[in-house]
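Listed here are the chains, written in short residue letters.
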Amino acid sequence: MRLPRIITVTLAGAAVLLPVTACSSDEPAPGQAPQASTAAPSEEPTEAAPGHPFTGQPYEELKPVVAVKIENTAAGKPQLGLKSADIVYIEQVEAGLTRLMAIFSSRLPAKVGPVRSARISDLHLAAQFGKPAFSYSGAQTKMLPLIAEASLFDVGDTRNPGAYFRQPGRFAPYNLFANSKQLVAKAPRASKAKDIGFTFGEAPAEGGVERKSYTVKWPAARFTFAWSQQQKKWMIWQDGKKDMAAEGGQLGAPTIVVQYTKTERSQFHDKNDSYTPLVHTTGKGKAIVLRDGKAFKANWERESEKDGTTFTTESGEPMNFAPGQVWVALASRKPVIP
(Lines give C-alpha, C1' and ligand atoms only; values in the text may rest on other atoms or scores of the structure.)
Protein backbone atom coordinates (compact mmCIF):
# COMPACT_ATOMS: atom_id res chain seq x y z
CA MET A 1 0.00 0.00 0.00
CA ARG A 2 1.47 3.34 -0.98
CA LEU A 3 1.70 6.09 1.60
CA PRO A 4 0.00 9.43 0.86
CA ARG A 5 1.78 11.66 -1.61
CA ILE A 6 2.03 14.67 0.71
CA ILE A 7 1.55 14.82 4.47
CA THR A 8 1.23 18.10 6.35
CA VAL A 9 2.54 17.81 9.90
CA THR A 10 2.29 20.56 12.53
CA LEU A 11 5.57 20.99 14.40
CA ALA A 12 6.31 23.94 16.66
CA GLY A 13 3.74 26.11 14.90
CA ALA A 14 5.01 25.61 11.33
CA ALA A 15 3.69 23.53 8.46
CA VAL A 16 6.19 20.89 7.33
CA LEU A 17 5.79 18.94 4.11
CA LEU A 18 7.02 15.38 4.15
CA PRO A 19 8.20 14.00 0.79
CA VAL A 20 6.25 11.63 -1.39
CA THR A 21 6.27 7.96 -0.50
CA ALA A 22 4.16 5.87 -2.07
CA CYS A 23 15.72 0.47 -27.71
CA SER A 24 16.63 4.08 -28.06
CA SER A 25 18.77 6.51 -30.04
CA ASP A 26 19.18 10.27 -30.14
CA GLU A 27 17.85 12.43 -32.94
CA PRO A 28 18.50 16.16 -33.29
CA ALA A 29 15.61 18.08 -31.84
CA PRO A 30 14.50 19.83 -35.23
CA GLY A 31 3.06 28.88 -6.11
CA GLN A 32 2.82 30.81 -3.12
CA ALA A 33 5.23 30.50 -0.21
CA PRO A 34 4.00 28.38 2.74
CA GLN A 35 2.33 30.32 5.53
CA ALA A 36 2.96 29.79 9.21
CA SER A 37 0.41 27.51 10.85
CA THR A 38 -1.86 28.84 13.57
CA ALA A 39 -2.73 25.38 14.88
CA ALA A 40 -1.68 24.30 18.34
CA PRO A 41 1.38 22.00 18.41
CA SER A 42 -0.66 19.27 20.10
CA GLU A 43 -3.05 18.85 17.15
CA GLU A 44 -3.07 15.57 15.23
CA PRO A 45 -1.32 15.53 11.82
CA THR A 46 -3.64 16.17 8.91
CA GLU A 47 -3.39 14.86 5.35
CA ALA A 48 -3.29 17.44 2.58
CA ALA A 49 -5.43 16.83 -0.48
CA PRO A 50 -3.34 14.95 -3.07
CA GLY A 51 -3.17 15.95 -6.69
CA HIS A 52 -5.24 14.32 -9.39
CA PRO A 53 -4.32 10.61 -9.64
CA PHE A 54 -3.66 10.87 -13.39
CA THR A 55 -1.76 14.18 -13.50
CA GLY A 56 -0.75 15.16 -9.97
CA GLN A 57 -2.33 18.57 -10.52
CA PRO A 58 -4.92 20.31 -8.30
CA TYR A 59 -8.55 19.37 -8.85
CA GLU A 60 -11.95 20.11 -7.33
CA GLU A 61 -13.64 16.76 -7.89
CA LEU A 62 -12.88 13.43 -9.49
CA LYS A 63 -14.79 12.95 -12.73
CA PRO A 64 -15.67 9.94 -14.94
CA VAL A 65 -12.98 8.36 -17.09
CA VAL A 66 -13.37 8.32 -20.88
CA ALA A 67 -10.95 6.29 -23.02
CA VAL A 68 -10.87 7.11 -26.76
CA LYS A 69 -9.09 5.12 -29.50
CA ILE A 70 -7.45 7.61 -31.86
CA GLU A 71 -5.85 7.33 -35.30
CA ASN A 72 -2.10 7.92 -35.40
CA THR A 73 -0.96 7.85 -39.03
CA ALA A 74 -0.36 10.84 -41.31
CA ALA A 75 -3.81 10.39 -42.87
CA GLY A 76 -5.48 11.13 -39.54
CA LYS A 77 -3.38 14.07 -38.42
CA PRO A 78 -3.65 16.53 -36.87
CA GLN A 79 -5.63 14.91 -34.07
CA LEU A 80 -8.17 16.89 -32.07
CA GLY A 81 -8.48 16.78 -28.28
CA LEU A 82 -5.16 15.19 -27.32
CA LYS A 83 -3.99 18.34 -25.58
CA SER A 84 -6.76 17.83 -23.00
CA ALA A 85 -5.95 14.19 -22.24
CA ASP A 86 -4.57 13.20 -18.86
CA ILE A 87 -2.75 10.15 -20.24
CA VAL A 88 -1.93 9.08 -23.80
CA TYR A 89 -0.90 5.50 -24.55
CA ILE A 90 1.00 4.64 -27.74
CA GLU A 91 0.15 1.09 -28.84
CA GLN A 92 1.45 -1.02 -31.70
CA VAL A 93 -1.14 -2.27 -34.20
CA GLU A 94 -0.96 -4.21 -37.45
CA ALA A 95 1.95 -3.79 -39.88
CA GLY A 96 4.10 -2.21 -37.18
CA LEU A 97 2.08 1.03 -37.08
CA THR A 98 0.76 2.69 -33.92
CA ARG A 99 -2.52 4.03 -32.58
CA LEU A 100 -3.29 6.00 -29.47
CA MET A 101 -5.60 5.45 -26.54
CA ALA A 102 -6.27 8.79 -24.85
CA ILE A 103 -7.56 8.88 -21.28
CA PHE A 104 -9.71 11.87 -20.30
CA SER A 105 -11.06 12.76 -16.89
CA SER A 106 -9.83 16.02 -15.36
CA ARG A 107 -10.47 17.90 -18.63
CA LEU A 108 -12.88 16.95 -21.38
CA PRO A 109 -12.49 18.58 -24.81
CA ALA A 110 -15.64 19.42 -26.75
CA LYS A 111 -14.62 17.11 -29.61
CA VAL A 112 -12.05 14.37 -30.05
CA GLY A 113 -10.75 12.30 -32.94
CA PRO A 114 -10.29 10.83 -35.44
CA VAL A 115 -11.87 7.89 -33.62
CA ARG A 116 -10.78 4.48 -34.92
CA SER A 117 -11.42 0.80 -34.25
CA ALA A 118 -10.62 -1.07 -31.05
CA ARG A 119 -7.81 -3.56 -30.49
CA ILE A 120 -7.40 -6.37 -27.98
CA SER A 121 -4.66 -4.50 -26.08
CA ASP A 122 -7.17 -1.71 -25.31
CA LEU A 123 -9.28 -4.07 -23.23
CA HIS A 124 -6.30 -5.12 -21.12
CA LEU A 125 -5.41 -1.48 -20.43
CA ALA A 126 -8.95 -0.30 -19.65
CA ALA A 127 -9.52 -2.54 -16.62
CA GLN A 128 -7.11 -0.59 -14.39
CA PHE A 129 -9.44 2.43 -14.60
CA GLY A 130 -12.37 0.47 -13.13
CA LYS A 131 -15.14 0.63 -15.70
CA PRO A 132 -14.46 3.60 -17.99
CA ALA A 133 -16.49 4.78 -20.96
CA PHE A 134 -14.74 3.43 -24.08
CA SER A 135 -15.10 5.29 -27.37
CA TYR A 136 -14.12 3.51 -30.60
CA SER A 137 -15.30 2.93 -34.13
CA GLY A 138 -15.99 -0.73 -34.75
CA ALA A 139 -13.98 -3.89 -34.14
CA GLN A 140 -13.50 -7.31 -35.68
CA THR A 141 -16.65 -9.43 -35.37
CA LYS A 142 -14.98 -12.11 -33.25
CA MET A 143 -13.71 -9.44 -30.85
CA LEU A 144 -17.16 -8.01 -30.12
CA PRO A 145 -17.99 -10.64 -27.43
CA LEU A 146 -14.74 -9.72 -25.64
CA ILE A 147 -15.70 -6.03 -25.67
CA ALA A 148 -19.12 -6.95 -24.26
CA GLU A 149 -17.46 -8.85 -21.40
CA ALA A 150 -14.72 -6.28 -20.73
CA SER A 151 -14.60 -3.91 -17.78
CA LEU A 152 -15.91 -0.87 -19.63
CA PHE A 153 -19.02 0.91 -20.85
CA ASP A 154 -19.34 0.65 -24.61
CA VAL A 155 -19.96 4.11 -26.05
CA GLY A 156 -18.69 3.23 -29.53
CA ASP A 157 -20.26 4.56 -32.69
CA THR A 158 -22.33 1.42 -33.33
CA ARG A 159 -24.19 1.67 -30.03
CA ASN A 160 -24.23 5.46 -29.85
CA PRO A 161 -24.19 6.87 -33.38
CA GLY A 162 -25.64 10.18 -32.22
CA ALA A 163 -22.45 10.97 -30.30
CA TYR A 164 -20.35 10.92 -33.50
CA PHE A 165 -20.10 13.06 -36.61
CA ARG A 166 -18.10 13.31 -39.83
CA GLN A 167 -15.66 16.21 -39.83
CA PRO A 168 -15.80 18.26 -43.07
CA GLY A 169 -12.51 18.55 -44.92
CA ARG A 170 -11.32 15.05 -44.00
CA PHE A 171 -11.88 11.75 -45.79
CA ALA A 172 -13.18 8.45 -44.42
CA PRO A 173 -12.30 6.60 -42.30
CA TYR A 174 -10.20 9.41 -40.85
CA ASN A 175 -13.07 11.88 -40.45
CA LEU A 176 -15.07 10.33 -37.60
CA PHE A 177 -15.05 12.48 -34.45
CA ALA A 178 -16.93 12.29 -31.16
CA ASN A 179 -18.80 14.86 -29.06
CA SER A 180 -17.19 14.21 -25.69
CA LYS A 181 -20.06 15.32 -23.47
CA GLN A 182 -22.39 12.92 -25.26
CA LEU A 183 -19.95 10.07 -24.59
CA VAL A 184 -20.15 10.80 -20.87
CA ALA A 185 -23.93 11.12 -21.02
CA LYS A 186 -24.16 7.63 -22.57
CA ALA A 187 -22.22 6.12 -19.64
CA PRO A 188 -23.64 7.75 -16.49
CA ARG A 189 -22.14 5.04 -14.25
CA ALA A 190 -18.62 5.17 -15.69
CA SER A 191 -15.90 4.93 -13.04
CA LYS A 192 -14.41 8.13 -11.75
CA ALA A 193 -10.67 8.72 -11.77
CA LYS A 194 -8.81 6.75 -9.09
CA ASP A 195 -5.31 5.74 -8.10
CA ILE A 196 -3.69 3.78 -10.95
CA GLY A 197 -0.21 3.61 -9.45
CA PHE A 198 1.29 6.90 -10.65
CA THR A 199 3.13 9.14 -8.17
CA PHE A 200 4.01 12.77 -8.74
CA GLY A 201 6.53 15.05 -7.11
CA GLU A 202 10.20 15.91 -7.11
CA ALA A 203 12.49 13.97 -9.41
CA PRO A 204 14.91 11.48 -7.84
CA ALA A 205 18.05 13.19 -6.60
CA GLU A 206 20.24 10.62 -8.36
CA GLY A 207 20.15 8.41 -11.41
CA GLY A 208 18.99 10.85 -14.06
CA VAL A 209 21.05 11.36 -17.22
CA GLU A 210 20.64 14.62 -19.11
CA ARG A 211 19.14 14.09 -22.57
CA LYS A 212 18.21 16.54 -25.29
CA SER A 213 16.07 13.93 -27.02
CA TYR A 214 15.04 10.31 -26.85
CA THR A 215 13.78 8.17 -29.74
CA VAL A 216 11.52 5.13 -29.56
CA LYS A 217 10.95 2.89 -32.57
CA TRP A 218 8.23 0.50 -33.69
CA PRO A 219 8.56 -1.50 -36.93
CA ALA A 220 6.80 1.20 -38.99
CA ALA A 221 6.75 4.22 -36.67
CA ARG A 222 9.29 6.40 -34.88
CA PHE A 223 8.72 8.89 -32.06
CA THR A 224 11.28 11.40 -30.86
CA PHE A 225 10.74 13.30 -27.62
CA ALA A 226 12.85 16.49 -27.51
CA TRP A 227 13.18 18.48 -24.28
CA SER A 228 12.10 22.13 -24.36
CA GLN A 229 13.48 24.05 -21.41
CA GLN A 230 11.28 26.99 -22.30
CA GLN A 231 8.04 25.00 -22.25
CA LYS A 232 9.17 22.48 -19.61
CA LYS A 233 7.89 19.70 -21.85
CA TRP A 234 9.14 16.93 -24.09
CA MET A 235 7.97 18.06 -27.50
CA ILE A 236 6.80 15.22 -29.72
CA TRP A 237 8.02 14.38 -33.21
CA GLN A 238 6.67 11.45 -35.23
CA ASP A 239 8.48 10.01 -38.23
CA GLY A 240 10.70 13.07 -38.40
CA LYS A 241 7.87 15.64 -38.33
CA LYS A 242 6.51 17.81 -35.56
CA ASP A 243 3.42 16.19 -34.06
CA MET A 244 0.94 19.04 -34.30
CA ALA A 245 -2.45 19.41 -32.60
CA ALA A 246 -5.58 20.45 -34.47
CA GLU A 247 -6.11 23.08 -31.77
CA GLY A 248 -2.73 24.56 -32.68
CA GLY A 249 0.83 24.07 -31.50
CA GLN A 250 3.02 21.02 -31.15
CA LEU A 251 2.06 18.18 -28.86
CA GLY A 252 4.22 17.66 -25.80
CA ALA A 253 4.13 16.51 -22.18
CA PRO A 254 6.15 17.05 -18.97
CA THR A 255 6.53 13.27 -18.53
CA ILE A 256 7.15 10.57 -21.11
CA VAL A 257 7.24 6.94 -19.98
CA VAL A 258 8.84 4.39 -22.30
CA GLN A 259 7.43 1.14 -20.93
CA TYR A 260 9.18 -1.89 -22.40
CA THR A 261 6.71 -4.73 -22.78
CA LYS A 262 6.35 -8.13 -24.41
CA THR A 263 4.58 -7.93 -27.76
CA GLU A 264 3.32 -11.11 -29.42
CA ARG A 265 0.78 -12.30 -31.97
CA SER A 266 -2.88 -12.26 -30.90
CA GLN A 267 -5.71 -14.37 -32.33
CA PHE A 268 -6.85 -11.40 -34.46
CA HIS A 269 -5.65 -10.23 -37.86
CA ASP A 270 -6.75 -7.79 -40.56
CA LYS A 271 -7.99 -8.46 -44.11
CA ASN A 272 -4.38 -8.59 -45.31
CA ASP A 273 -3.59 -11.35 -42.80
CA SER A 274 -1.42 -8.98 -40.80
CA TYR A 275 -1.73 -10.13 -37.19
CA THR A 276 -2.83 -7.79 -34.43
CA PRO A 277 -0.16 -7.43 -31.73
CA LEU A 278 -1.04 -8.29 -28.15
CA VAL A 279 0.86 -5.92 -25.88
CA HIS A 280 1.32 -7.38 -22.39
CA THR A 281 0.88 -4.68 -19.75
CA THR A 282 0.72 -6.93 -16.69
CA GLY A 283 3.75 -8.43 -14.97
CA LYS A 284 7.09 -6.69 -14.52
CA GLY A 285 9.56 -4.93 -16.76
CA LYS A 286 11.93 -2.06 -17.39
CA ALA A 287 11.13 1.51 -18.33
CA ILE A 288 12.71 4.86 -19.08
CA VAL A 289 11.06 7.90 -17.54
CA LEU A 290 11.76 11.24 -19.20
CA ARG A 291 11.23 14.35 -17.11
CA ASP A 292 12.97 17.67 -16.47
CA GLY A 293 15.37 17.14 -19.35
CA LYS A 294 16.67 13.86 -17.92
CA ALA A 295 16.18 10.15 -18.53
CA PHE A 296 15.72 7.89 -15.50
CA LYS A 297 15.95 4.11 -15.55
CA ALA A 298 12.93 2.59 -13.82
CA ASN A 299 11.08 -0.65 -13.14
CA TRP A 300 7.37 -1.17 -13.69
CA GLU A 301 4.96 -3.68 -12.16
CA ARG A 302 1.28 -4.45 -12.60
CA GLU A 303 0.06 -7.51 -10.73
CA SER A 304 -3.27 -7.94 -12.51
CA GLU A 305 -5.46 -6.14 -15.01
CA LYS A 306 -7.55 -4.62 -12.23
CA ASP A 307 -4.39 -3.14 -10.69
CA GLY A 308 -2.61 0.00 -11.76
CA THR A 309 1.02 0.15 -12.85
CA THR A 310 3.65 1.28 -10.36
CA PHE A 311 6.99 2.72 -11.42
CA THR A 312 10.01 2.65 -9.16
CA THR A 313 13.62 3.75 -9.37
CA GLU A 314 16.42 1.18 -9.60
CA SER A 315 16.81 1.48 -5.82
CA GLY A 316 13.12 0.73 -5.25
CA GLU A 317 11.85 4.23 -4.46
CA PRO A 318 8.72 5.64 -6.16
CA MET A 319 9.57 7.04 -9.59
CA ASN A 320 7.76 10.35 -9.42
CA PHE A 321 6.37 11.92 -12.57
CA ALA A 322 6.30 15.66 -13.20
CA PRO A 323 2.78 17.06 -12.70
CA GLY A 324 0.82 17.31 -15.92
CA GLN A 325 0.00 15.14 -18.90
CA VAL A 326 1.73 11.74 -19.16
CA TRP A 327 2.47 9.86 -22.39
CA VAL A 328 3.16 6.13 -22.07
CA ALA A 329 4.91 4.54 -25.04
CA LEU A 330 4.31 0.77 -24.95
CA ALA A 331 7.39 -0.44 -26.80
CA SER A 332 9.65 -3.44 -27.26
CA ARG A 333 13.42 -3.46 -26.89
CA LYS A 334 13.63 -4.93 -30.38
CA PRO A 335 10.75 -3.82 -32.61
CA VAL A 336 8.94 -6.84 -34.01
CA ILE A 337 5.94 -7.50 -36.23
CA PRO A 338 4.28 -10.54 -34.64
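Since we're looking at a predicted model, the values are computed, not measured. (Residues numbered from 1 in each chain as written. Predicted model: local features only at pLDDT ≥ 70, side-chain atom pairs only at ≥ 80, totals over all residues. Heavy atoms only, no water.)

## Topic: the layout of surface pockets
Phase 1 of the analysis: A volume near 280 Å³ is recorded for the second largest pocket.
Phase 2 of the analysis: Those elements that provide at least two residues to the lining of the second largest pocket are strand 16 (233-238) and strand 18 (252-253).
Phase 3 of the analysis: Classifying every residue of the lining of the second largest pocket by side-chain character gives 6 nonpolar, 9 polar and 4 charged. (1 Å grid on protein atoms, 1.4 Å probe; cavity = no way out; pocket = protein on both sides within 12 Å on 5 of 7 lines; lining within 4 Å. Points joined across faces, edges and corners; volume = space filled by probe spheres on them. Helix = DSSP H or I, 4+ residues; strand = E, 2+ residues; numbered from the N terminus. Nonpolar A, V, L, I, M, F, W, Y, C, P; charged D, E, K, R; others polar.)

## Some points on the nonpolar core
Phase 1 of the analysis: The biggest cluster of nonpolar side chains holds 43 residues, and the ones touching the most others in it are F225 and W327.
Phase 2 of the analysis: Excluding residues that lie within four positions of it along the chain, W327 makes contacts with L82, V88, I90, L100, F223, I236, L251, A253, T255, I256 and V257.
Phase 3 of the analysis: Counting 38 residues, the second largest nonpolar core, distinct from the first, contains F134, F200, V279 and V289. (Core = buried A, V, L, I, M, F, W, Y, C linked by side-chain atoms within 4.5 Å. Buried < 20%, exposed > 50% of the residue type's maximum accessible area, 1.4 Å probe, protein only. Contact = heavy atoms within 4.5 Å.)

## A word on the environment of G113
Phase 1 of the analysis: In this structure, G113 sits in the loop between strand 8 (111-112) and helix 1 (120-126).
Phase 2 of the analysis: Separated by 62 residues in the primary sequence, G113 and N175 have C-alpha atoms spaced 7.9 Å apart.
Phase 3 of the analysis: Residues in contact with G113, not counting those within four places in the same chain, are I70, Q79, L80, L176 and F177.

## Observations concerning the environment of V216
Phase 1 of the analysis: On the secondary structure map, V216 appears in strand 14 (residues 213-218).
Phase 2 of the analysis: By relative accessible area, V216 is classed as buried at 1%.
Phase 3 of the analysis: Each C-alpha atom, one on V216 and one on A329, is 8.0 Å from the other, the two residues being 113 residues apart in sequence.

## Overview of empty space enclosed by the protein
Phase 1 of the analysis: Empty space within the largest cavity amounts to approximately 60 Å³.
Phase 2 of the analysis: Every residue lining the largest cavity is listed: Y89, L125, Q128, F198, Q259, T281, R302, T309, F311 and V328.
Phase 3 of the analysis: Grouping the constituent residues of the lining of the largest cavity by class yields 5 nonpolar, 4 polar and 1 charged.

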